[in-house]
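# Topology and contacts: notes
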Amino acid sequence: QKLVLLGAIQPGFSPPCPADREKDPEYWRGQAQETLRAALRLQHLNQNVAKNLILFLGDGMGVSTVTAARILKGQLQNHKGEESLLEMDKFPYVALAKTYNTNAQVPDSAGTATAYLCGVKANEGTVGVSAGVTRDRCNTTKGQEVTSILRWAKDGGKAVGIVTTTRVTHATPSAAYAHSANRDWYSDGEMPPDALEGGCKDIARQLVENIPDIEVILGGGRKYMFPKNASDVEYPHEDKHRGTRLDRRDLVQAWHDAKPPGKVAKYVWHRRDLLALNLSRVDFLLGESQHPRVPRPQPCALGDPWPVPGCWDSWSSQLPPGDAGTPKGCCYLQGCPTLGMLQALHEAVELDRAIGLAARLTSPQDTLSVVTADHSHVFTFGGYTPRGNPIFGLAPMQSDVDRKPFTSILYGNGPGYKIVAGERENVSAVDFAHANYQAQSAVPLRQETHGGEDVAVFARGPMAHLLHGVHEQNYIPHAMAYAACIGSNRAHCNAAGRPAAAASILLPFLALLFLLC
């Protein structure tokens with residue numbers, strides 16, 4: 001009806017612009033009433049069995065990062081930004097997760113990954129083990145291993161996958177399959193002699209051996225899969241990319257050899273090879289780039305290693321909906337403030353595109369999608385900026401102490417602390433819109449730290465209402481497993497007319513802000 005009315009308007013008349021519309025109280029009242037009607041519809045709970053699970057994990061994606069990414073998304077679409085919606089904003093259920101480790105108020109990515117993947121809290125620096133394990137102490141590991149929701153799904157007959165824009169052996173994805181007293185034991189070349197003598201396995205080896213039938217593994221860090229000093233296929237003349245394994249094993253070949261007869265296993269190391277695959281004819285996929293992060297400002301440039309979220313439209317066109325053996329949308333994405341605030345937020349927007357793609361490829365009737373973060377960072381933005389102020393821009397005021405301007409985005413600590421001639425650097429004298437600009441920080445550190453506040457958990461799909469209020473972070477995989485009838489808590493699965501879950505696909509890790517280390 002509105003379109004018909006607009007079509008009958010006299011020439012020369014234009015509808016009110018958003019700024020004018022917002023001056024009308026009825027605009028806000030109407031918006032609120034529509035939101036209320038949507039909330040009332042949530043009284044009809046979706047208690048279906050989740051055939052599919054998707055966990056989007058934004059490493060370091062605190063609430064302030066989510067808000068800033070929302071504004072950036074809108075501004076990239078030529079809007080003011082604040083009124084925009086991220087795809088995760090459209091999820092009907094939101095909770096907060098407490099991120100502390102058992103021995104740390106402000107957590108690290110290893111302990112948090114153990115929480116939201118394995119369902120138990122752990123010490124910082126340890127992955128896939130209980131809090132009975134002390135970091136670096138190999139001899140405390142035996143008997144303290146804990147399994148992840150990926151293992152529960154595999155045991156439940158589902159296909160599973162891990163996709164990440166960091167190393168597949170990084171702390172966050174490795175908690176899905178590994179058990180280690182140190183998150184940095186990527187290969188045996190990074191392990192101390194006592195750990196090797198004690199029988200502890202490096203994380204790359206565990207990737208191949210612990211759950212050998214993971215259908216999809218995509219990420220970076222291939223040098224940890226090859227013998228020490230072996231030349232890299234892409235960078236043969238760069239020493240830093242050479243293999244690191246002391247045992248001289250080729251773990252890619254070991255991965256191939258472990259596959260059942262008659263199954264097709266493909267290894268790729270470049271985006272073009274991945275896009276060329278006919279996924280309907282592939283049973284197992286291993287892809288390892290050397291550095292899979294999304295470059296700016298052209299995330300789909302020809303030389304990029306992986307079809308990370310912004311490039312997924314071409315890849316996802318191959319994925320047949322409902323195919324239990326084919327991943328329909330999964331990715332683990334991370335971003336790092338040492339690369340600059342601009343890249344971190346653009347990567348958050350890329351995550352949002354991936355979430356939207358997954359939503360188009362799946363149905364909330366049978367797919368539980370969860371978006372969260374492992375922890376926050378000391379990232380903030382403020383300064384009484386006016387509506388529509390460029391998110392990377394200056395605050396409209398100067399400091400009333402040193403009389404210098406400052407950007408809206410600031411960090412509590414990190415490498416952005418700069419003193420010039422005994423005073424804080426004048427940001428108007430530098431290109432603060434440059435992709436590599438590091439926002440100013442209050443305390444000088446080579447790398448900024450994690451933040452300790454709660455992180456948001458967004459949920460959509462079967463049993464999404466179980467994620468509500470304030471939870472311990474380790475509650476997340478238990479709620480997801482309950483929804484999918486996997487893991488140990490399955491007594492409800494055949495009760496009250498809820499059918500047992502059919503074999504399908506678990507897509508863990510659509511994770512982004514690209515690694516906040």
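Coordinates for the structure precede this section.
Definitions and cut-offs
- By convention here, each chain's residues receive numbers from 1 onward along its written sequence.
- The model is predicted, so local features are restricted to residues of pLDDT at least 70 and side-chain atom pairs to those at 80 or more, both for listing and for counting; the totals for chains, interfaces and linings are taken over all residues.
- Side-chain measures were taken over the full set of non-hydrogen atoms in the model, leaving aside hydrogen atoms and water.
- The secondary structure listing takes helices from DSSP runs of H or I that are at least 4 residues long and strands from runs of E that are at least 2 residues long, numbered from the N terminus.
- Two residues qualify as a contact provided that any one of their heavy atoms is within 4.5 Å of a heavy atom in the partner residue.
- For accessible areas, the Shrake-Rupley method is used with a probe of radius 1.4 Å. Any residue's cover is judged against the shown protein chains and nothing else.
- The pocket and cavity definitions rest on a 1 Å grid over protein atoms only: a 1.4 Å probe that fits but cannot leave marks a cavity, an open set with protein on both sides within 12 Å along at least five of seven lines marks a pocket, and residues lining either have an atom within 4 Å of a point.
- Grid points are joined across faces, edges and corners, and a volume is the space filled by probe spheres set on the points.
- Each residue gets one label: Ala, Val, Leu, Ile, Met, Phe, Trp, Tyr, Cys and Pro are nonpolar, Asp, Glu, Lys and Arg are charged, and the others, such as Gly, are polar.
- Pairing of aromatic rings covers Phe, Tyr and Trp, the last counted by its six-membered ring, and requires centre-to-centre distances within 6.5 Å; plane angles under 30 degrees mean stacked, over 60 mean edge-to-face, and any other angle means tilted.
- Categorising residues by exposure relies on relative accessible area from a 1.4 Å probe, with only protein chains included: less than 20% of the type maximum marks a residue as buried, more than 50% marks it as exposed, and the intermediate range marks it as partly exposed.
- Lysine NZ or arginine CZ positioned within 6 Å of the ring centre and within 35 degrees of the ring normal marks a charge as sitting over the ring.
- A patch consists of residues exposed above 30% relative accessible area that lack any salt bridge, with like charges linked at up to 9 Å and nonpolar side chains (Val, Leu, Ile, Met, Phe, Trp, Tyr) linked at up to 5 Å.
- By definition here, a salt bridge exists when the distance from a side-chain nitrogen of Lys or Arg to a carboxyl oxygen of Asp or Glu is within 4 Å.
- Two strands pair under a simple rule: DSSP has to find at least two bridges between them.
- Axis definition: a line fit to C-alpha positions, over the contact stretch in the case of helices; interaxial angles, taken between N-to-C directions, run 0 to 180 degrees.
- Put simply, a disulfide is two cysteine sulfurs that come within 2.5 Å.
- Neither His nor the chain ends is counted toward charge; the positive residues are Lys and Arg and the negative residues Asp and Glu.

### Regarding the overall build of the protein
When you go through the protein residue by residue, the secondary structure sums to 14 helices and 19 strands. Expressed as a percentage of contacts within the protein between residues at least 6 apart in sequence, the contacts between residues at least 24 apart total 71%. Working note: accessible area of the protein is about 22400 Å², and carbon and sulfur atoms make up 54% of it.

### Description of the layout of surface pockets
As a volume, the largest pocket reaches approximately 950 Å³. Contributing to the lining of the largest pocket are 36 residues, with Thr35, Ala38, Leu85, Asp89 and Lys90 lying nearest its centre. Here the residues of the lining of the largest pocket sort into 15 nonpolar, 10 polar and 11 charged.

### A short note on the packing of aromatic side chains
Applying the stated criterion to the full structure yields three aromatic pairs. Ring centres of Tyr27 and Trp28 lie 4.8 Å apart, and the angle between their planes is 75°; this geometry places the pair in the edge-to-face category. Using a relative accessible area of 38% as the deciding quantity, one classes Trp28 as partly exposed. A ring pair is formed by Tyr186 and Tyr224, whose centres lie 5.0 Å apart and whose planes are at 40°; its orientation type is tilted. In this pair, Tyr186 is assigned in the loop between α7 (171-174) and α8 (193-197) and Tyr224 in the loop between β4 (216-220) and α10 (251-257), connecting sequence segments 38 residues apart. Comparing Tyr186 with Tyr224 shows no difference in burial state: the two are buried. We note Lys121 situated over the ring of Tyr100; from NZ or CZ to the ring centre the distance is 3.6 Å.

### Some remarks on a nonpolar patch on the surface
On the surface, Val63, Leu96 and Val470 cluster together into a nonpolar patch covering about 230 Å² of accessible area. Within the element layout of this structure, Val470 appears in strand β18 (residues 469-472).

### A closer look at the sheet that holds strand β12 (residues 409-414)
The strand order across the open sheet built from three strands is β9-β12-β15, with neighbouring strands paired in mixed fashion. Since the sheet does not close on itself, it has two edges, and those belong to β9 (379-381) and β15 (441-444), each with one partner. Put simply, the sheet's adjacent strands are angled 25° from each other on average, direction ignored. Here β12 runs beside β15; their pairing, made up of three bridges, is parallel. The residue bridging Asn413 from the neighbouring strand is Val443, located in β15.

### Comments concerning the pairing of strand β1 (residues 52-58)
For β1, a buried count of seven out of seven residues is recorded, marking the element as mostly surrounded by other parts of the structure. Residues Asn52, Ile54, Phe56 and Gly58 line one face of β1 and the alternating positions Leu53, Leu55 and Leu57 line the opposite face, and both faces are buried.

### Considering the state of the cysteines
One pass over the structure, following the stated rule, counts two disulfides. Covalent S-S linkage joins Cys138 and Cys200, the inter-sulfur distance amounting to 2.0 Å. Its torsion about the S-S bond being 105°, the disulfide of Cys138 and Cys200 is classed as right-handed. On the criterion of sequence distance, the pair formed by Cys138 in the loop between α5 (109-118) and α6 (149-155) and Cys200 in the loop between α8 and α9 (203-209) is long-range, its members being 62 residues apart. Residue class for Cys138 comes out buried when judged on its relative accessible area of 6%. Put simply, Cys485 and Cys493 are joined by a disulfide, and their sulfur atoms are 2.3 Å apart. Residues Cys485 and Cys493 share a disulfide whose torsion about the S-S bond is about -120°; that sign makes it left-handed.

### A few points about the pairing of strand β10 (residues 394-398)
It is a general feature of regular strands that their side chains alternate between the two faces of the sheet. In terms of strand pairing, β10 meets strand β11 (residues 405-407) through two bridges, oriented antiparallel. Note that in β11 the partner of Gln398 across the bridge is Pro405. Hairpin connection from β10 to β11: six residues lie between these consecutive antiparallel strands, with Arg403 at a positive phi of about 60°.

### What about α5?
The buried fraction of α5 amounts to 10 of the 10 residues, a majority that puts the element mostly inside the structure. The inward-facing, buried residues of α5 abut β1, α6, α7, β16 (450-451) and α14 (475-484). Looking one or two residues beyond α5, the residue adopting positive phi is Gly119, at roughly 85°.

### Regarding unusual backbone geometry
Here Asn229, not a glycine, exhibits a phi torsion of approximately 75°, which is positive. The backbone of Arg403 sits at a positive phi, close to 60°, despite the residue not being glycine. Looking at where Arg403 falls in the secondary structure, it is placed in the loop between β10 and β11.

### A look at the side chain of Glu425
Here Glu425 shows up in the loop between β14 (423-424) and β15. We note that Glu425 is buried and unpaired, the nearest opposite charge coming from Lys418 at a distance of 5.2 Å. When neighbours within four sequence positions are excluded, Glu425 is seen to be in contact with Lys404, Lys418, Val420, Val430 and Gln440.

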